[in-house]
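Coordinates in review
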Amino acid sequence: ELVIDTKNLQKRYVTDTVETTALAGVDLKIAKGEFVAIMGPSGCGKSTLLNILGMLDSPSDGTFKFLGHDISRATERQRAKLRKENLGFVFQSFNLIDELTVEENIALPLAYLGVSKADTTKRVQEAMERMGIAHRRSHFPQQLSGGQQQRVAIARATVSNPALILADEPTGNLDSVHGREVMTLLSELNDAGTTVVMVTHSPSDAEYAHRIVNLFDGQIVTENVNVKRHAAE
Ligand code: ADP
Ligand code: ADP
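Residues numbered from 1 in each chain as written. Chains lettered and ligands numbered in written order. Predicted model: local features only at pLDDT ≥ 70, side-chain atom pairs only at ≥ 80, totals over all residues. Heavy atoms only, no water.

As named in an unreviewed UniProt entry, the protein is ABC transporter ATP-binding protein, taken from Pontibacter cellulosilyticus. If you open the UniProt record of the protein and go to Sequence similarities (unreviewed entry), you find "Belongs to the ABC transporter superfamily. Macrolide exporter (TC 3.A.1.122) family." (UniProt positions renumbered as here; feature names shortened; annotations may be inferred.)

Side note on the site of ligand 1
All residues in the neighbourhood of ligand 1 are listed as Tyr13, Thr20, Ala22, Pro41, Ser42, Gly43, Cys44, Gly45, Lys46, Ser47 and Thr48. Gly43 places a main-chain nitrogen or oxygen 2.7 Å from an oxygen atom of ligand 1. Separating an oxygen atom of ligand 1 from a side-chain N or O atom of Lys46 is a distance of 2.9 Å. Protein chains bury 61% of the 560 Å² of accessible surface belonging to ligand 1 in isolation. Taken together, the elements giving at least two residues each to the shell around ligand 1 come down to strand 2 (19-31) and helix 1 (46-53). (Near = heavy atom within 4 Å. Polar contact = N/O pair within 3.5 Å; in protein donor to acceptor, adjacent residues only side chain to side chain. Areas by Shrake-Rupley, 256 points an atom, 1.4 Å probe, with all protein chains shown as cover. Helix = DSSP H or I, 4+ residues; strand = E, 2+ residues; numbered from the N terminus.)

Overview of helix 1
In terms of burial, helix 1 is a largely internal element, 6 of the 8 residues being buried. Within two residues after helix 1, Met55 carries a phi angle of roughly 60°, on the positive side. (Buried < 20%, exposed > 50% of the residue type's maximum accessible area, 1.4 Å probe, protein only.)

A look at the pattern of salt bridges
The tally for this structure, following the rule as stated, stands at 14 salt bridges. Of the charged contacts, one joins Arg73 and Asp70 as a salt bridge, the two residues approaching to 3.2 Å between their closest N and O atoms. Owing to a relative accessible area of 72%, Arg73 belongs among the exposed residues under this scheme. A salt bridge links Glu223 to Arg211; its shortest N-O distance comes to 2.6 Å. Here Arg211 lies in strand 9 (residues 211-216) and Glu223 lies in strand 10 (residues 219-225), a separation of 12 residues in the sequence. Looking at Arg211, the relative accessible area reads 13%, which means it is buried. Each of the salt bridges in this network shares a partner with another, and the network as a whole consists of Asp5, Lys7 and Lys29. (Salt bridge = Lys/Arg side-chain N within 4 Å of Asp/Glu carboxyl O.)

Notes on the site of ligand 2
Every residue lining ligand 2 is accounted for by Arg136, Gln142, Gln143, Ser145, Gln148, Arg151 and His178. Against a free-state accessible area of 540 Å², the protein chains account for coverage of 46% of ligand 2.

Focus on unusual backbone geometry
Phi at Asn8 takes a positive value of approximately 50°, unusual for a residue other than glycine. Using a relative accessible area of 39% as the deciding quantity, one classes Asn8 as partly exposed.

Quick word on the pairing of strand 10
Consecutive side chains of a regular strand alternate in pointing toward one face of the sheet and then the other. Examined bridge by bridge, strand 9 and strand 10 share 6 bridges and lie antiparallel to one another. Within strand 10, the residue paired with Phe216 across the bridge is Gln219. Counted between consecutive antiparallel strands, the loop separating strand 9 from strand 10 contains 2 residues, among which Asp217 sits at a positive phi close to 45°. (Pairing = 2+ DSSP bridges.)

Here we look at the packing of aromatic side chains
All chains considered together, the criterion is met by 2 aromatic pairs. Consider the rings of Phe64 and Phe66, whose centres lie 6.5 Å apart with planes at 70°: the pair is edge-to-face. By relative accessible area, which is 0% here, Phe66 ends up buried. Ring geometry for Phe89 versus Phe91: centroids 6.0 Å apart, planes at 10°, classification stacked. For Phe91, a relative accessible area of 27% translates into the label partly exposed. (Phe/Tyr/Trp six-rings, centres within 6.5 Å; stacked < 30°, edge-to-face > 60°.)

Pasting the structure below:
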């Protein structure tokens, strides 16, 4: 079963004077349960690709199927629904809401889905426990270390039990110890069945992936299977 299936995906940005080709024909298939790392130099199109896969942006050309749905033909409303029900985002800068507590931040995706209060309490509690942050439930993001903030962000990204987590440089603002902690949590979620697609500059983070896709000038130039992760299974 494919979570992501793109064919000849293209993205051009046009400003008054220049046209930039950010994606120049990307064919990418990602099966359910995979952990894929996307790597490549700055400006090669990684963020653009992740934004399109996350339905935050639309391709200029090509096709994109998400869980069998043809996204190129979907309306904005249909895309928003697919996004809320199936996607969790993790960012380099955590993107938590400073005015809300840990617990309230994590509950947000469930509020958008209209989950009942009792069910929300239960699922937020489980997510906090999985991430080891239940004792910080009433703290505000600024009262937490970077590692803790990212664990809150991962709890928020997974509380709705999405099919896919998209992570953009999830360890970019963390020291190596907390970075490894976050990568371990992401692999545990992956082991439990969630598909993970991660953009990273860090070769040690990419070690956690099953497959590494290398982008250059908006195209996939090489793909490597991570022998260590496959051999370990
Ligand atoms: P990466 O994430 O690998 O650094 P990006 O996807 O951010 O690469 O960018 C790919 C190319 O598209 C770059 O040349 C960048 O300058 C250009 N680009 C990205 N976003 C925009 C935008 N909103 N408008 C114009 N050009 C953009
Ligand atoms: P952890 O290993 O749990 O991520 P750290 O070792 O980074 O936590 O921090 C230890 C404790 O210090 C944390 O539980 C946190 O409450 C507090 N702390 C760390 N950084 C900050 C900060 N920038 N502002 C406020 N409190 C912090």
